[in-house]
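Each chain, letter by letter, is given below.
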Amino acid sequence: MTAYDAIFWFFSLALLLCGVLVLISPNAVASGLYLVLSFFFLAGLYVLLQAFFLAMIQVLVYAGAIMVLFLFVIMLLDYRESRHWWHGNLLGLAGAPLAVAALAAALLPVLKRSGALAAAPEQWFEGTLENVMTPVFTRYLLPVEITALILLAATIGVVVLGRKEKQP
Amino acid sequence: MHLDAVIWEWIFVGIRILAIFVITFAIVPYTVMAERWVCAWIQDRIGPNRTGWFGLMQPWADALKLFLKEDIIPNHVHKVYFVLAPTLVFLPALLTMALMPWGSNLGPMSCVLADIGPGMLVVFAVGAFSVYGIVLAGWSSNSKFPFLGGVRSAAQLISYEVCIGLSLVAIFMQTQTLNLTQTVLYQAANGWLVWQQPLAAFLFLICMFAETNRAPFDFPEAEQELVSGYNIEYSSLKFGLFFLGEYANMMVASMLLVTLFFGGWSLPFAPFNAPALVWWVGAAHVAIFVAKTACILFLFIWVRWTVPRLRYDQLMGLGWKVLFPLALLNILITAIVLGLRGGA
């Protein structure tokens, strides 16, 4: 086992452990913090794939901004109820293996192709910002813009729905 | 010969790590000192002048006092997070310090510890974590005032982080780089960015006040409303770490401002506007950087003792209704100007 493998396994196992802890920790804020930690390990995996920019953005956007917002909401709602780790929900517990099986079925074809993927050119991910961003603004410009429009519509929808009704 | 180069490289790394530790643990206490002196001067008082020569030993006396105080962990707190929180405030400042180009080069040694390609992204990814310290401290204290401080801090940080990013986009468009060293070199060649992007500099400065929780944006503490906010339950060295962390973050903010807008280690005339070729120019570059940082730090302190705190709704209004549109406008203007010039 090379050092690369060792680091990969460390990050992967730590990531999975954090994921499990997110689910079973009795406290909502603690769950959020484990999620932050798991984003770090995920960023570590990106670095192993030479995707430095992606790793940075992962930490900056998810851990640095989105999770702060999550914690803000959790703290604002002040959710103090201590939960059992499977939330007392037997049906949910039974559904979990099904969900895992479905995910495995979806991922299996990708894993089978991993040899072919390793041979594919990876320069899109690697190194500089230009390499990552050029496809976004050339080849994938239309999907990106459409996504932006959908997000804008969703934002406006949230504002409209969240607005307090005017008292007559 | 090759081995020699490797050994020297390691020695240089060691020197730079040492420099960062010295800056943080020896100079940051003197920033506290400076704060007290400037505050006294503005309020027409004398200020601390008894301990040691002109009161210069005062920070060490304070540190010793904090060391010797009893370290109380109240019974009702979430212990792990309670202990973790002060470290999380302090650590990001220390980490970001590693990315600051505090000089061009001293002989064969370059003056930045970690010259990472997209350094700016790393600075913000790491810098965003100081909020976790405050939020965690507020939550884990498990008492009302700290909790309010933590919630306020989270909301404030989210609002102003957006604006920081957007105000810097204009800079990146102009310099075409995310690297701090390259940004300084660009300014050494083309003039300071504060003259070319005054709006971005102004927005960034305001956001830095908010980001470091300094007056007029010191809502997480807000003595008059929240007693002392997120750090009420802390004592002894844990409180000391919060205190040190605030000033370390302030120093990092000043360094960032100097690096991005005030030309870093450069001065706009001959031997100082290019990387040093002889050692004394290199030493002068370090001195220039330190002097500029000191000026910005003075500005931080000056504002704190001059401007009263905003109201909370004013803070949110300022962030989203004034600074955010201005930052977008600045990007638009920069894009138009760069387009008319035919690219940068």
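Scroll up to find the structure this text is about.
Here's a quick rundown of the structure. Quick caveat: nothing in here was measured; it's all calculated off a predicted structure. (Residues numbered from 1 in each chain as written. Chains lettered and ligands numbered in written order. Predicted model: local features only at pLDDT ≥ 70, side-chain atom pairs only at ≥ 80, totals over all residues. Heavy atoms only, no water.)

Here the focus is the overall build of chain A. A count of helical and extended segments in chain A gives seven helices and zero strands. Along chain A, helices (α) and strands (β) appear in the sequence α-α-α-α-α-α-α when read from the amino end. Expressed as a percentage of contacts within chain A between residues at least 6 apart in sequence, the contacts between residues at least 24 apart total 56%. As presented, chain A carries roughly 12,200 Å² of accessible surface, and 76% of it is formed by carbon and sulfur atoms. (Helix = DSSP H or I, 4+ residues; strand = E, 2+ residues; numbered from the N terminus. Contact = heavy atoms within 4.5 Å. Areas by Shrake-Rupley, 256 points an atom, 1.4 Å probe, with all protein chains shown as cover.)

Another aspect to go through is the packing of helix α9 (residues 198–211) of chain B against helix α11 (residues 236–261) of chain B. Residue and element names in this part refer to chain B. The interhelical angle for the contact between α9 and α11, taken along N-to-C directions, is 170°, at an axis separation of 11 Å. The angle between α9 and α11 places the two elements in the roughly antiparallel class. Contacts from Ala 200, Ala 201, Phe 204, Leu 205 and Met 208 of α9 reach α11 at Ala 253, Leu 256, Leu 257, Leu 260 and Phe 261. A breakdown of the residues in the contact of α9 with α11 according to their chemical character gives 10 nonpolar, no polar and no charged. (Axes fitted to C-alpha atoms, helices over the stretch in contact; angles between N-to-C directions. Parallel < 35°, antiparallel > 145°, perpendicular 65-115°, else oblique. Nonpolar A, V, L, I, M, F, W, Y, C, P; charged D, E, K, R; others polar.)

Attention shifts here to helix α3 (residues 52–77) of chain A. Its 26 residues give α3 of chain A an end-to-end C-alpha distance of 36 Å, which sits within 8% of 38 Å, the value for a rise of 1.5 Å per residue. The sharpest bend along α3 of chain A measures roughly 35° and falls at Met 67 of chain A. (Expected span 1.5 Å × (residues − 1). Bend = angle between axes of the 7 residues up to and from the residue.)

All names here are of chain B. Unusually for a residue other than glycine, Asp 44 sits at a positive phi of about 60°. When you line up the elements, Asp 44 lands in the loop between α1 (2–42) and α2 (58–68). On the accessibility criterion, Asp 44 (71% relative accessible area) is exposed. (Buried < 20%, exposed > 50% of the residue type's maximum accessible area, 1.4 Å probe, protein only.)

Below, the discussion takes up the interface of chain B and chain A. Listed per partner, the contact involves 22 residues of chain B and 22 residues of chain A. For the pair chain B and chain A, the summed buried area comes to about 1,900 Å², and 83% of that belongs to carbon and sulfur atoms. At the junction of chain B with chain A, the criterion picks out zero salt bridges. Counting every contact that joins chain B to chain A gives one residue pair in polar contact (both at pLDDT 80 or more). Secondary-structure elements contributing two or more residues to the side of chain B that touches chain A are α4 (119–127), α5 (130–140) and α6 (144–175) of chain B. The biggest single contributor to the side of chain B that touches chain A is α6 of chain B, with seven residues. Residues of the side of chain B that touches chain A, tallied by class, amount to 18 nonpolar, three polar and one charged. (Buried area = accessible area lost by both parts, 1.4 Å probe. Salt bridge = Lys/Arg side-chain N within 4 Å of Asp/Glu carboxyl O. Polar contact = N/O pair within 3.5 Å; in protein donor to acceptor, adjacent residues only side chain to side chain.)

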